[in-house]
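Structure at a glance
Here is how the chains run, residue by residue.
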Amino acid sequence: MAERASDEEAPASRPLLEVIGAHKAYLGVEALRAVDFTVHPGEIHALVGENGAGKSTLIKILTGVHAPDGGRLEVNGAPTVLRNPLHAEELGVYAIHQHLPLVQGMSIVDNFLLGRSRAAQRTTRWGLLSRRSAKPIVAEALAVVGLDVDVATPVSELSVPEAQLVQIARALATDAKVLMLDEPTASLTAADRDALFDRLRGMRRRGVGLVYVSHRLDEIAMLCDRATVLRNGAVVERLGKADLGVDSMIAAMLDRPVEAMYPPAPAHPSDTAVLTVSEVRVEAAAAALSLEVRAGEVLGLTGLVGAGMVELAEALAGVRPLAGGRVAVDGREVCVPSPAAAIRAGIGLVPADRADALVAGMSIERNLALSIAACSAVRGSIRGATPVLRRRKVHQAALAAIRDFGIQPREPVTPVGGLSGGNQQKVVIAKAVATRPRVLILIEPTAGVDVGARAEIYAILRQLGRSGVGIMLVSSDGQEVCGMSDRVLVLRRGAIVAELHRGTTEEEIMRHATTSSSMSSAA
C-alpha cells in the first residue's frame, strides 16, 4: 500500500470513529481485508474505489448494518460493537444515502418525528408525539443548513437539493458527530452542488466529521481533506490534500494511468455522414442548429448546464418535438416524432436517467426483449410466424449482449434492479445497440458510474465505432469529452459556438462555453 499522506498531514485530534483491521466475507468471498479507516473532527474524508472495491461494505460496518468478521471498531476512542443503525445514530454516527429515505406524503416536521432526533423526544404528557414542541427544533435544524422553508411543507413539494438538506438537518438534530454521504450530488446541478459544499464546509468548521463517497473525483479533489482508496477490499492508497488529483485517484483505483481509460481513436476516420442535421430548431424561437455525425466517430456535445445539448439530443431521438429543420440518416431524410420512429430511422438513445430505459423488476433478458419487440427490423429475425418472440432466440441474444458488454453477473434471468450502476448502464447501452442503430446518442452515459465501468463503456463505444456506428456523446464531464471525442461541438445558450478537434482541452471548452458568441473552429 502506498502512503502519501504524511503523519504531519493527518489530523492530530482523537478520531471520532475508527475501524482497525476490519475483515468481512460473504459466502467465503472477502469483501474487506485488514482495512483501517478513521474519521476525525472537522475533516471531510473521501472513500474512493470502484464498485465492488469494498466501500459499501465498510460503510455498512461503520453504521451498524453489518458486523465485521474481524478487527475492532472504536467510537470516540471507546471500543464499540454496533448492534444496528439506530444504535450507531445514538452514538452520533449517521448515514445519508443516495436514495433519500424521506416519506414523500408527510411534512418535514413529521419526517423528523419519525427519526430519533431531539424533535422526536418531545412528547405530551400522554406519551404522544407533539408537532408543536418539535416545530422550533426542526426550524432551528433547517436554519443550520441554510434551508428557509416552512416545517409544515410536504416533502413531495421540495426540490431534490432541498430534500437533501432536510436529511442533513435531520441528522444534525440527532446530534450527529459523524455524517456519511453516499453520492450526494448525483441529482444536483452545479449551482446546487456548490451550495451543498458550502453547507458541508460549515459543518466541518463546527467539528463534524464527514465521510464523502462519490464517483465524481473532481468533486473529491475540490472538497475533501484526504482520501482512502480501496481496491479489491483492501486499502491501496491514502492521499493527503496535496495529492488529491483526479489522475492520482484514478491510477490508484485502477492500478493503471488515467490515459488507459480512453481507447485509441481510429487512425483514419471516415468522412461519410451517418446523421445529418440541417437548420433544426428545438423550439420555434431557438437558434437553428446544423451538424453531422460521421461513421465510426465520436462527436462530443458539451457546454454548461442548460446550454441546450440535452434538448437537442432528445429531439433527435424523438423524445421531444422538433420545431423545424431536417434530419437525415445515411442521406435519407427521416421524421422522428417519437422514440419508436427514431429507432425505425436508425437513431438509438441512451437517456440521461437509466431508470427511464429499464424495468428494474424484470430480468436482463426481458429488458432486452422489450427493445427487440420495439424494433421491427430486429423483431422479424427472432420470431416465428406469430407475433410472439421466440424465447430461445431472445435468450441467445441476451447471452451475446452479456458477453459483448461485459455485464456482471452473467446470468440473463438476473433482475436489473439488483445490478450495480455500471452494469445497469451496460444493459441500457446493450438495449439501444440491440435495435441496430446507425447513430447512437448517449446523454451523460457515465454519470454515477465508477471509473472501472467507465473504461469498459468507453471501450464498448469505440468497438461500436469500428463497426461503422456514429456516436453522439452528450456530456458535461470535460475530461470525458476530451478523452473520447474525435470532434467536439460546444453549445452556449442553445447555439453551437465552437467546433474543436481531438486534443482539445477542458480549458478551451470552458472558454468557448462561457465567452463565445459566434461559431469558431480550432484544429
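Presented here is an overview of the structure given in this document.

Rules of the game
Residues numbered from 1 in each chain as written. Predicted model: local features only at pLDDT ≥ 70, side-chain atom pairs only at ≥ 80, totals over all residues. Heavy atoms only, no water. Buried < 20%, exposed > 50% of the residue type's maximum accessible area, 1.4 Å probe, protein only. Helix = DSSP H or I, 4+ residues; strand = E, 2+ residues; numbered from the N terminus. Pairing = 2+ DSSP bridges. 1 Å grid on protein atoms, 1.4 Å probe; cavity = no way out; pocket = protein on both sides within 12 Å on 5 of 7 lines; lining within 4 Å. Points joined across faces, edges and corners; volume = space filled by probe spheres on them. Nonpolar A, V, L, I, M, F, W, Y, C, P; charged D, E, K, R; others polar. Salt bridge = Lys/Arg side-chain N within 4 Å of Asp/Glu carboxyl O. Phe/Tyr/Trp six-rings, centres within 6.5 Å; stacked < 30°, edge-to-face > 60°. Axes fitted to C-alpha atoms, helices over the stretch in contact; angles between N-to-C directions. Core = buried A, V, L, I, M, F, W, Y, C linked by side-chain atoms within 4.5 Å. Contact = heavy atoms within 4.5 Å. Expected span 1.5 Å × (residues − 1).

Turning to the pairing of strand E14 (residues 298-303), a few remarks are in order. In terms of burial, E14 is a largely internal element, six of the six residues being buried. Residues of E14 alternate between two faces, with Val-298, Gly-300 and Thr-302 on one and Leu-299, Leu-301 and Gly-303 on the opposite face, all of them buried. Relative to strand E19 (residues 470-474), E14 runs parallel, the two sharing four bridges. Its bridge partner lying in E19, Leu-301 is registered against Val-474.

In this structure, the second largest pocket spans a volume of roughly 500 Å³. Taken together, 22 residues line the second largest pocket, and the ones lying closest to its centre are Ile-343, Leu-349, Pro-351, Asp-356 and Ala-357. Residues that form the lining of the second largest pocket fall into these classes: 15 nonpolar, three polar and four charged.

Let us now look at the pattern of salt bridges. Overall, the coordinates contain 18 salt bridges when judged by the stated rule. In this structure, Asp-194 engages Arg-193 in a salt bridge whose closest nitrogen and oxygen atoms are separated by 2.9 Å. For Asp-194, a relative accessible area of 34% gives the class partly exposed. The salt bridge involving Arg-201 is made with Asp-198; its shortest N-O contact spans 3.5 Å. Remark: Asp-198 and Arg-201 occur in helix H7 (residues 190-205); sequence separation between them is three residues, near one turn of the helix. Residues joined by salt bridges that share partners form a network here, namely Glu-297, Arg-487 and Glu-499.

Before going further, it helps to examine unusual backbone geometry. In this structure, the amide linkage connecting Gln-408 to the following residue, Pro-409, adopts the cis form with an omega of -5°. Relative to the elements of secondary structure, Pro-409 occurs in the loop between helix H14 (391-405) and helix H15 (421-434). The backbone of Ala-34 sits at a positive phi, close to 50°, despite the residue not being glycine. Along the polypeptide, Ala-34 turns up in strand E3 (residues 29-39). Residue Ala-34 is classed as partly exposed on the basis of its relative accessible area, which comes to 48%. Phi is positive for Arg-493, close to 55°, though the residue is something other than glycine. Mapping Arg-493 onto the fold places it in the loop between strand E20 (487-492) and strand E21 (495-501).

Counting across every chain of the model gives two aromatic pairs. Ring geometry for Phe-197 and Tyr-212: centres 6.1 Å apart, planes at 75°, overall edge-to-face. Of this pair, Phe-197 sits in helix H7 while Tyr-212 sits in strand E9 (residues 209-213), and the two are 15 residues apart along the sequence. Plain terms: the ring middles of Tyr-262 and Tyr-458 are 5.1 Å apart, the flat faces sit at 25° to each other, and that makes the pair stacked. Residue Tyr-262 is found in the loop between helix H9 (246-254) and strand E12 (273-281), and its partner Tyr-458 is found in helix H16 (residues 451-466); the two are separated by 196 residues along the sequence.

Here the focus is the sheet that holds strand E5 (residues 70-75). If you walk across this open sheet you meet the four strands as E3-E2-E5-E6, and the pairing is antiparallel. The sheet is open, and its two edges are formed by E3 and strand E6 (78-80), each paired on a single side. Shown here is a sheet whose adjacent strand axes are inclined to one another by a mean of 30°, direction ignored.

Within soluble globular proteins, side chains that are nonpolar generally end up buried alongside one another. Counting residues in hydrophobic clusters, the biggest one holds 88 residues, and the most contacted among them are Val-48, Ile-168, Leu-179, Leu-200 and Ile-220. Other than its neighbours up to four places away in sequence, Ile-168 contacts Ile-96, Val-145, Leu-179, Leu-181, Leu-196, Leu-200 and Met-203.

What follows covers the environment of Leu-461. Assignment of secondary structure puts Leu-461 in helix H16. Along the chain, Leu-461 and Leu-473 lie 12 residues apart, while their C-alpha atoms are 9.6 Å from each other. Filtering out sequence-adjacent residues up to four positions away, Leu-461 remains in contact with Leu-442, Ile-471 and Met-484.

The subject of this paragraph is helix H6 (residues 160-172). Residues spaced three or four apart along an α-helix face the same direction, because each turn holds 3.6 residues. If you check H6, its first and last C-alpha atoms are 19 Å apart, about what 13 residues at 1.5 Å a residue would give, namely 18 Å. Burial analysis of H6 places 11 of its 13 residues in the buried class, which makes it a mostly covered element. Listed in full, the buried residues belonging to H6 are Pro-161, Ala-163, Gln-164, Leu-165, Val-166, Gln-167, Ile-168, Ala-169, Arg-170, Ala-171 and Leu-172. Looking at the buried positions of H6, the neighbouring elements they touch are strand E7 (93-96), helix H3 (108-114), helix H5 (131-144), strand E8 (178-182) and H7.

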